[in-house]
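Here is how the chains run, residue by residue.
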Amino acid sequence: MNEPALSINLPQARVLVVDDHPGTATTLARAISQLGPGIEVVSATSGKMALEQVRDNAVDLVITDMMMPDMNGLELIEKLQSHPGGRPAYTILITAYDVPGLKESARRLKVNQTIIKPFRPEHICQIVSKALEDFGPSKQLKKTTNLKQPHKILIADDVQDNLSLLSRYLVNEGYSFVTANNGIKALEITRSEMPDLILLDINMPEKDGFEVLKEIRLDPAIEHIPVIILTAARPDPVDVRAGLELGADDYVTKPFDRRELLARIRTKLRAKESEGNIRRRNKELSVLPEIGKDLSARLDMDELTDIILRRSVETLGAMVGQVIILNHGEPLRKEYRISASSSPAFEVQFPALDDLLNQVKEARQGMIINDTNNDDRWRITAEIPPSSAIVVPLFGRLDVIGILVLIHEQKGYFNSEHQLLLQAIASQAAIALENVILYTSMTQERQRVAAIFQRSEDAILTFAADGSLTMLNPAGEKLFQNDEIKLGQSLTRGSGYDTLKDLLDEAFSSRKAHSREITWPDKRVFTALVTPIENDGYVTMLHDVTHFKELDRAKDDFISTASHDLRTPISVIRGYMELLPQVGPLNKKQIEYIECIHAATETMNELAGNILELAKMATGMELQLEHLDVCELLEKITNEFQPQAKAKKQSLLFGKNRDIPKVDADHVQLGRALRNLVGNAVKYTPVNGSIKTSVEVRENQLSIRVVDNGYGIPADDLPFIFDRFYRVHHEASMDDESNGLGLSIVKSIVEQHKGTISVESEQGEGSCFTIVLPLAQQSPPDVPNSKTNRLSEWKGSIK
Ligand code: ADP
């Protein structure tokens, strides 16, 4: 096969062969060195090694594999092009995959031939010898590979006349041709020249046309080439059928009708071209699943945007790409340029793309800019070489989340097919980007929660729905130092945590948040809050308030001592005041002043008494419980206030009820509470008003009520009136007489008796205070009563 046909008088030349597969590199190197005596071949198995080999002496021709571990073929070619000894005159790139963008990158680097594997060494030898013949070693490449080449047709016929005739027809029509005069040559030339169409004679020496056709259709590298059979003048129908069955695309009979022949050739070439387009499109589309896989595996924004850009630029054969992502706040911008960006042709720049981003966002569709120098949408400021651009939106689940922009250095490079392809890539990219955005914010959120959880000084414990402990933070761990509870276990009763256990049980059964003060076995006090987590158990927070409790106690002690000590000087003032008239007669003015001092000391004494009372209650008052007849007590107290009521022309009534059971109560304390309520009712009811007191049994509890039709309490004040020192401003009442402590004392006393106090009031209408106390243990059964609005019921009764 290595016939002298290839052994032309080639000039002196230095050829570099690089392939990471040593066998391939050696075979190729040997084949090329046999091309002529002046050819020196240098071979290498990696890009680095190749650069090392040619460091001191440049090469004229390079043949390199694309996929190599340390440096790919294109990177090697780019490096060799800036060799100080001169750039190679001819470059050949061999690749296993015809990735769509690869040819474009190769074209940009002025790679002369891109050969798809598998290849035959003879084919490469032919290209090499032709290149060396054409250009000579030192000449620079003159033609560019993107010029449209004429269709090349192989004429396989053993009759010289037919060859000459057909070649003339073809040349006149603008086709180029190659010839073969036997079957074996026809196959060889098909493989090495890759013609666009074959005119195949049936009767040929060595191998007939049928054999050749059969082999062509079995070889994946050439099977797609259309074949037109040239048959005898009177063709045997069997032959024609056999030829068509073997995969011939058409047949023509001799002698040839020129027009018919050329028409058939044109049709087949057109069909081949559209088939080629479909094949190319399929190849482009076949990269989509691969890109999708590549993108979905990333969770790092930087890495993901890199891949989106690189894949888009490579797939569309663009030069530069930019992605802009809107992710709360400042848009994220990322740019990518293919490695050949050192060439001046690559100095293309992106303008500020904000306007474009808004346009695409609004229109929800991409755009092609055929000439970036003459398009208002592309606002460039600097003088840059003309180029074209393509923009597609990145559609998120709810809105456009950004844009993907590519630039090509040729005007009008991008077409609608590019747009469809890029949009398909962008759709996959948008999903991956949204996933990363979500994942990132989720991770940040988790880190934030984890930091709070870890560093919180409050103990945080989570429990599953079955009550078992699922998580606890370091502060929580410190609370259970003796391993009383482990993850996966529940709190057991009787181990000192019953108050917490009660709270948990309440929250578990009501599925609502519950909060309470609880005491730890070591006497520390915590405010505990148990909150249900949707479908995921409960979270409990324990805040240590022991210190505040101690401070509160110290404050109460101080107040108690101070108010107690205050009462002594007040008593002295009172005593001497009473003695004054005995030491001599007083004039009118003196009597008047003494009365003022008397009133003020009384108020002071009451205030000190109240403060002392509250302080006592806060530190824990000892109740002297007895079986108490509240009816009797309330009647007595109501009567005590008759003089004041009379003075204000008020009706003050006690509503007597029969058979009222007794309660367990301290008669002094409860008496104090009732005096406060009746006193307030008289105080905050105007002249001619009515007040009614009563006791009854409701829902198995004792209900004591003091109702008036006085000033009432504004709704805004109602929630606070039991707070210490809280006073409501009544236009008509004697505000200066009050200190806002009475009701807080009442509340404390009632709660000490395990009872509750409530109020219903309407401004200008009156108030109804109700104390509810549990009945004494041995009390007779309750008298059932219906629930009604007590205020309106009582308002009716006192009018
Ligand atoms: P004070 O010593 O001011 O009466 P209290 O704690 O007894 O303190 O009452 C708090 C406030 O509640 C009072 O300032 C008063 O405005 C209001 N209040 C209490 N009882 C009544 C009532 N029966 N009618 C209207 N307002 C009342």
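Residues numbered from 1 in each chain as written. Predicted model: local features only at pLDDT ≥ 70, side-chain atom pairs only at ≥ 80, totals over all residues. Heavy atoms only, no water.

### Structural notes on the overall build of the chain
- Helix and strand counts for the chain stand at 22 helices and 27 strands.
- In the chain, which comprises 799 residues, the proportion classed as buried is 45%.
- Within the chain, counting contacts between residues at least 6 apart in sequence, those at least 24 apart form 63% of the total.
- For the chain, the computed accessible surface area is about 42,200 Å², with 52% contributed by carbon and sulfur atoms. (Helix = DSSP H or I, 4+ residues; strand = E, 2+ residues; numbered from the N terminus. Buried < 20%, exposed > 50% of the residue type's maximum accessible area, 1.4 Å probe, protein only. Contact = heavy atoms within 4.5 Å. Areas by Shrake-Rupley, 256 points an atom, 1.4 Å probe, with all protein chains shown as cover.)

### Observations regarding the packing of aromatic side chains
- The final tally for this structure, using the stated rule, is eight aromatic pairs.
- The interplanar angle of 70° and the centroid separation of 5.5 Å between the aromatic rings of Phe480 and Trp520 together place this pair among those described as edge-to-face. Of this pair, Phe480 sits in the loop between helix H14 (474–479) and helix H15 (498–510) while Trp520 is found in the loop between strand E18 (514–519) and strand E19 (525–532), placing the two residues 40 residues apart along the sequence.
- The class of Trp520 is buried, set by a relative accessible area of 3%.
- What links up through ring pairs into an aromatic cluster is the set Phe480, Tyr497, Trp520 and Phe526. (Phe/Tyr/Trp six-rings, centres within 6.5 Å; stacked < 30°, edge-to-face > 60°.)

### Observations regarding the site of the ligand
- Taken together, 19 residues sit near the ligand, with Asn680, Tyr684, His730, Ser738 and Leu743 positioned nearest.
- Contacts to the ligand include Tyr684, whose side-chain N or O atom sits 2.8 Å from an oxygen atom.
- Here Leu743 contributes a backbone N or O atom positioned 2.8 Å from an oxygen atom of the ligand.
- With the chains in place, 98% of the 530 Å² that the ligand exposes on its own is no longer accessible. (Near = heavy atom within 4 Å. Polar contact = N/O pair within 3.5 Å; in protein donor to acceptor, adjacent residues only side chain to side chain.)

### Some points on helix H3 (residues 73–81)
- Most of H3 is tucked away: seven of the nine residues are buried.
- Those residues of H3 that fall on the buried side of the exposure criterion are Gly73, Leu74, Leu76, Ile77, Glu78, Leu80 and Gln81.
- Two or three places before Leu74, at the opening of H3, Asn72 has a side-chain oxygen 3.0 Å from that residue's backbone nitrogen.

### Digging into the packing of helix H18 (residues 630–640) against helix H20 (residues 667–683)
- Across the interface, H18 lies against H20 with an axial gap of 10 Å and an inter-helix angle of 45°. Judged on the interaxial angle alone, H20 and H18 are oblique. Like other packed secondary-structure pairs, H18 and H20 cross with a definite hand, here right-handed. Contacts from Val630, Leu633, Leu634, Lys636, Ile637 and Glu640 of H18 reach H20 at His667, Leu670, Gly671, Leu674, Arg675 and Val678. (Axes fitted to C-alpha atoms, helices over the stretch in contact; angles between N-to-C directions. Parallel < 35°, antiparallel > 145°, perpendicular 65-115°, else oblique. Left-handed = near helix turned anticlockwise from the far one by under 90°.)

### What to know about the pairing of strand E7 (residues 176–180)
- Relative to E7, strand E6 (residues 152–156) is paired through five bridges, and the arrangement is parallel. Considered in E7, the bridge of Leu154 is made with Val178.
- Crossover connection from E6 via helix H6 (residues 160–172) to parallel E7: handedness right-handed. (Pairing = 2+ DSSP bridges. Right-handed = clockwise from strand over helix to strand, strands pointing away.)

### Concerning the packing of helix H11 (residues 301–316) against helix H13 (residues 416–455)
- Between H11 and H13, the shortest axis-to-axis distance is 11 Å and the interhelical angle comes to 175°. When the axis of H11 is compared with that of H13, the two are roughly antiparallel. Residues Met301, Leu304, Thr305, Ile308, Ser312, Thr315 and Leu316 of H11 lie in contact with H13, whose contacting residues are His418, Leu421, Leu422, Ile425, Ala429, Ala432, Leu433, Val436 and Ile437.

### As for the sheet that holds strand E27 (residues 766–774)
- Taken together, five strands build an open sheet; the order of strands is E22-E24-E25-E27-E26 and the sheet is mixed. Each having just a single partner strand, strand E22 (651–655) and strand E26 (756–762) make up the two edges of the open sheet. The sheet shows a mean angle of 15° between the axes of neighbouring strands, direction not considered.
- As paired strands, E22 and strand E24 (residues 690–698) are joined by five bridges and run parallel to one another.

### Quick notes on the confidence of the model for the chain
- Scored by pLDDT, the chain comes out at a mean of 83, with 90% of its residues at no less than 70.
- The low-confidence segment residues 779–791, where pLDDT is below 50, has 28 contacts with residues more than four positions distant or belonging to other chains. (pLDDT = per-residue confidence, 0-100.)

### A few points about the pattern of salt bridges
- A full pass over the atoms with the stated rule returns 41 salt bridges.
- One salt bridge in this structure joins Glu290 and Arg311, with 3.1 Å as the shortest N-O distance. With Glu290 in helix H10 (residues 258–296) and Arg311 in helix H11, this pair connects stretches of sequence that are 21 residues apart.
- Take Glu290: its relative accessible area is 44%, and that puts it in the partly exposed class.
- Relative accessible area serves as the criterion here: at 14%, Arg311 is assigned to the buried category.
- Residue Lys411 is joined to Asp371 by a salt bridge in which the shortest nitrogen-to-oxygen separation is 3.9 Å. Taken together, the residues span a long stretch of sequence, with Lys411 in the loop between strand E15 (400–408) and H13 and Asp371 in the loop between strand E13 (367–369) and strand E14 (388–395) at a distance of 40 residues. (Salt bridge = Lys/Arg side-chain N within 4 Å of Asp/Glu carboxyl O.)

### Details of the pairing of E19
- In this structure, E18 lies alongside E19, joined through six bridges in antiparallel fashion. Across the sheet, Ile518 pairs through a bridge with Phe526, a residue of E19.
- Relative to strand E20 (residues 538–544), E19 is paired through seven bridges, and the arrangement is antiparallel. Paired with Ala528 across the strands is Leu542, a residue of E20.

### Thoughts on the nonpolar core
- Counting residues in each nonpolar core, the largest one holds 46 residues, and the members touching the most others are Leu702, Ile704, Ile721 and Ile771.
- Counting residues per element, this core draws most heavily on H20, at seven residues.
- Counting residues in each nonpolar core, the second largest holds 34 residues, with Leu295, Ile325, Ala432 and Val436 among its members. (Core = buried A, V, L, I, M, F, W, Y, C linked by side-chain atoms within 4.5 Å.)

### Focus: the sheet that holds E13
- Read from one edge to the other, the open sheet built from five strands follows the order E12-E11-E15-E14-E13, with strand pairing classed as antiparallel. Edge positions in the sheet fall to strand E12 (332–337) and E13, since each has one partner strand and no second. The mean angle between the axes of side-by-side strands here comes to 15°, regardless of whether they run parallel or antiparallel.
- By the bridge criterion, six bridges tie strand E11 (residues 320–325) to E15 in an arrangement that is antiparallel. The partner of Ile324 across the bridge, within E15, is Ile403.
- H13 rests against E11, E13, E14 and E15 of the sheet, and its axis sits at about 40° to E14.

### Comments concerning H20
- Here H20 spans 23 Å end to end across 17 residues, near enough to the 24 Å set by a 1.5 Å rise per residue.
- With twelve of 17 residues buried, H20 is to be regarded as a mostly interior element.
- What H20 keeps buried is the set Gln669, Leu670, Gly671, Ala673, Leu674, Asn676, Leu677, Val678, Gly679, Asn680, Ala681 and Val682.
- Structurally, the start of H20 carries an N-cap: the backbone nitrogen of Val668 is 3.0 Å from a side-chain oxygen of Asp666. (Expected span 1.5 Å × (residues − 1).)

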